[in-house]
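A closer look at the structure
For reference, the chains in residue letters:
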Amino acid sequence: RKGPKESYLPTLQALPGRVEFTYLPPNAQEVLLLPVTRPEGMSGDDGDGQYYAVVLGGDTAKSFAPRDIAWCKEIASWIGDLV
């Protein structure tokens, strides 16, 4: 599936945008944002106006390996098939 790409912020404390993630625990050092892509015909532009994302935080900066990100993408895809 084509769609938005994930965003990986490996050193969250260094970003001025940290305040945008108030729902994460205060000790979160990194965040991975993954768009949940819905199946064809169920995209967010079909009138319901709902978009979804998986937000994962970590307590150690730069700890998500490429393998971890790939695994999380698969989980986000699976969630997209369910919503």
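So, a few notes on the structure that sits alongside this text. This is a predicted model, so every value here is computed, not measured.

Conventions used here
Residues numbered from 1 in each chain as written. Predicted model: local features only at pLDDT ≥ 70, side-chain atom pairs only at ≥ 80, totals over all residues. Heavy atoms only, no water. Buried < 20%, exposed > 50% of the residue type's maximum accessible area, 1.4 Å probe, protein only. Helix = DSSP H or I, 4+ residues; strand = E, 2+ residues; numbered from the N terminus. Pairing = 2+ DSSP bridges. Phe/Tyr/Trp six-rings, centres within 6.5 Å; stacked < 30°, edge-to-face > 60°. Patch = residues over 30% accessible without salt bridge, like charges linked within 9 Å, V, L, I, M, F, W, Y side chains within 5 Å. Areas by Shrake-Rupley, 256 points an atom, 1.4 Å probe, with all protein chains shown as cover. Salt bridge = Lys/Arg side-chain N within 4 Å of Asp/Glu carboxyl O.

Burial within strand 2 (residues 30–36) is extensive, with 5 of its 7 residues counted as buried. Two strands pair when backbone bridges link them, and strand 1 (residues 7–9) and strand 2 are joined in this way by 3 bridges, in the antiparallel orientation. Considered in strand 2, the bridge of Tyr8 is made with Leu32. Here 7 bridges tie strand 2 to strand 3 (residues 52–58), and the two strands are oriented antiparallel to one another. Following the sheet pairing, Pro35 is matched in strand 3 by Ala53.

Take the packing of aromatic side chains next. Tallied over the full model, the rule gives 1 aromatic pair. Ring centres of Phe21 and Tyr23 lie 6.2 Å apart, and the angle between their planes is 75°; on these two criteria the pair is classed as edge-to-face.

With that settled, the discussion passes to a nonpolar patch on the surface. Where nonpolar side chains cluster on the molecular surface, the patch consists of Tyr52, Trp71, Ile75, Trp78, Leu82 and Val83 and spans about 640 Å² of accessible area. Looking at which element gives the most residues to the nonpolar patch, the answer is helix 1 (residues 66–82), with 4 residues. Positionally, Val83 belongs in the segment after helix 1. The class of Val83 is partly exposed, set by a relative accessible area of 35%.

Purely spatial values, then, with no claim about function.
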